[in-house]
Amino acid sequence: MVTQQFVAPPARAALFLVLTVNEGSEEVVRDVLADLSSITRSVSFRIPDDELNCVLGIGAEFWDRMFALPRPKGLHPFVPLEGPRHSAPGTPGDLLLHVRAHHMDVCFELSRQVMNRLRGHAVVIDETHGFKYFDERDLLGFVDGTENPEGAAAPAAVLIDDEDPDYAGGSYVIVQKYTHDLGAWGALPIEEQERVIGRSKLEDVEMPDAVKPVNSHVHLNTIIDADGVQRQILRDNMPFGELGTEEFGTYFIGYAADPGVIEQMLRNMFLGSPPGNTDRILDFSTARTGTLFFTPTVDFLDDVPGPGPAAAPAEVAPVDADAPTTDLGIGGLRTAAAH
Ligand code: HEM
């Protein structure tokens, strides 16, 4: 079994594309999914040192349009959160492309080739070009990604195993685009910024528990289960920004074998743990998007299953001209405003 490359060294450049697929374009997408490995190879083979890597995710409602197969157990639409002070919206997304490399030109070329195939069939809901800032820092100036699981712990955190054997080797990914109020953030003394994150800014050292505030980002994202084991996710956040519009932010992307772990973190951040004790990073960061995807194995994509009953009625049963017609409701579950 070949898994998509979730675990990868931090990239210098990333391109995130969240798309919705037009009704009736399911078969075009099926062809693109089946060709994704070869499209990636045709770009990466020419510049092997760039370590081009593309992960593809499929949203819950689109899964139902594409496949007759049951949904992977953890695949459902992103659960929006409405907290006392902050909210995490759920936004449309049928497909995610998470493209990483050492340089943006390579990410751009692969994404362009995919989009050439999808033109007229998909709508870009969000496109974010992320860059790596100094020392792996985000635009808040803190090193981001330090406590990611390493070695064998990384695939263990990310890959579905026996809990859902039909989809073993796949994973789940949640993306959220955050914008930062860098003016308000910059007005905070550095000691106070460190108390927001829970780590020192220059040396990136975690504060001892005795002094780390309970509303710090690190405290609220440290999830210990009933057996005393820390539940980990794999993050690959990227800064993005535009000077003209003064839109500065962090594109959050987290992979996990169990999306419930990321969802618990989000509840801690937005609703608070205990309730009302929300993450102080949100006083300076606003979630603009939120979508959950299943990321299948490479084998699944290379040999992508055939259409579900809703997409290919003629193959399911012979047409009986006298039978009453049924509205098969292709894409009928869709509520996205983008359509
Ligand atoms: C505004 C967006 C975000 C920014 C700027 C941000 C930044 C950071 C930084 C600077 C750290 C400390 C260094 C590290 O270990 O990486 C961190 C840790 C962490 N963040 Fe975030 N983060 C953001 C959103 C999120 C979200 C939405 C989640 C989960 C749903 C999350 C989960 C975590 C986890 C699990 C850790 C490691 C905690 C530990 O074990 O020490 N982050 N983040």
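Before reading on, note that the structure itself is shown above.
Our subject in this report is the structure included herewith. Since the model is a prediction, treat every value here as computed from it, not as a measurement. (Residues numbered from 1 in each chain as written. Predicted model: local features only at pLDDT ≥ 70, side-chain atom pairs only at ≥ 80, totals over all residues. Heavy atoms only, no water.)

The next point concerns helix α8 (residues 259-270). Between its terminal C-alpha atoms α8 stretches 16 Å, which fits the 16 Å expected from twelve residues at 1.5 Å a residue. Most of α8 sits out of view: nine of its twelve residues are buried. Those residues of α8 that sit buried are Pro259, Val261, Ile262, Glu263, Met265, Leu266, Asn268, Met269 and Phe270. Of the residues that open α8, the one with a side-chain oxygen 2.7 Å from the backbone nitrogen of Gly260 is Asp258. Just downstream of α8 lies Gly272, where phi reads positive at about 100°. (Helix = DSSP H or I, 4+ residues; strand = E, 2+ residues; numbered from the N terminus. Expected span 1.5 Å × (residues − 1). Buried < 20%, exposed > 50% of the residue type's maximum accessible area, 1.4 Å probe, protein only. Polar contact = N/O pair within 3.5 Å; in protein donor to acceptor, adjacent residues only side chain to side chain.)

In this section: the pairing of strand β12 (residues 247-256). Of all ten residues in β12, nine are buried, a share of seventy percent or more. Two strands pair when backbone bridges link them, and strand β7 (residues 171-180) and β12 are joined in this way by eight bridges, in the antiparallel orientation. Within β12, the position partnered with Val173 by the bridge is Tyr255. In this sheet, β12 lies alongside strand β10 (residues 234-235) in antiparallel orientation, the contact comprising two bridges. The residue of β12 that forms the bridge with Arg235 is Gly254. From the end of strand β11 (residues 238-242) to the start of β12, which pair antiparallel, there are four residues, and Glu246 there has a positive phi angle of about 55°. (Pairing = 2+ DSSP bridges.)

Scanning all chains against the criterion turns up 21 salt bridges. Across the pair Glu136 and Arg12 runs a salt bridge whose closest N-O atoms are separated by 3.8 Å. Taken together, the residues Glu136 in the loop between β6 (122-131) and α4 (153-158) and Arg12 in the segment before β1 (13-21) connect sequence positions 124 residues apart. The residue Lys177 makes a salt bridge to Asp126 at a minimum N-O spacing of 2.9 Å. Taken together, the residues span a long stretch of sequence, with Lys177 in strand β7 and Asp126 in strand β6 at a distance of 51 residues. Taking relative accessible area as the criterion, Lys177 reaches 10% and is therefore assigned buried. Each of Glu147, Arg199, Asp204, Glu206, Asp209 and Lys212 takes part in one network of salt bridges that share partners. (Salt bridge = Lys/Arg side-chain N within 4 Å of Asp/Glu carboxyl O.)

Turning our attention to a nonpolar patch on the surface. A contiguous nonpolar patch, built from Phe131, Tyr133 and Phe134 and spanning about 310 Å² of accessible area, is present on the exposed surface. Inspection of the secondary structure puts Tyr133 in the loop between β6 and α4. (Patch = residues over 30% accessible without salt bridge, like charges linked within 9 Å, V, L, I, M, F, W, Y side chains within 5 Å. Areas by Shrake-Rupley, 256 points an atom, 1.4 Å probe, with all protein chains shown as cover.)

Next up on the list: the packing of aromatic side chains. A complete count under the given rule lists 13 aromatic pairs for this structure. Centroid distance Phe6 to Tyr255: 5.3 Å. Interplanar angle 45°. Geometry classified as tilted. Remark: Tyr255 occurs in strand β12 and Phe6 occurs in the segment before β1; sequence separation between them is 249 residues. Residue Tyr255 is classed as buried on the basis of its relative accessible area, which comes to 0%. What links up through ring pairs into an aromatic cluster is the set Trp63, Phe67, Tyr167, Tyr172, Phe294 and Phe300. Between Lys177 and the ring centre of Phe240, over which it is positioned, the NZ or CZ distance is 5.0 Å. (Phe/Tyr/Trp six-rings, centres within 6.5 Å; stacked < 30°, edge-to-face > 60°. Lys NZ or Arg CZ within 6 Å of the ring centre and 35° of its normal.)

Further remarks concern the site of the ligand. Not every one of the 27 residues close to the ligand is listed here, only the nearest: Gly145, Thr146, Glu147, His217 and Arg235. Within the backbone of Thr146, an N or O atom sits 3.1 Å from an oxygen atom of the ligand. Within the side chain of Arg235, an N or O atom sits 2.8 Å from an oxygen atom of the ligand. Mapped onto the shell around the ligand, the elements with two or more residues apiece are β7, α7 (217-220), β12 and α8. A total of four residues in the shell around the ligand trace back to one element, the largest contributor, which is α8. Of the residues assigned to the shell around the ligand, the class counts are eleven nonpolar, eleven polar and five charged. (Near = heavy atom within 4 Å. Nonpolar A, V, L, I, M, F, W, Y, C, P; charged D, E, K, R; others polar.)

We now examine the environment of Phe284. Among the secondary structure elements, Phe284 is positioned in the loop between α8 and β13 (285-287). Here the alpha-carbon distance between Phe284 and Gln193, two residues 91 residues apart in the chain, equals 10 Å. Excluding residues within four positions of it along the chain, Phe284 makes contact with Thr179, His180, Asp181, Ala184, Trp185, Leu188 and Val196. (Contact = heavy atoms within 4.5 Å.)

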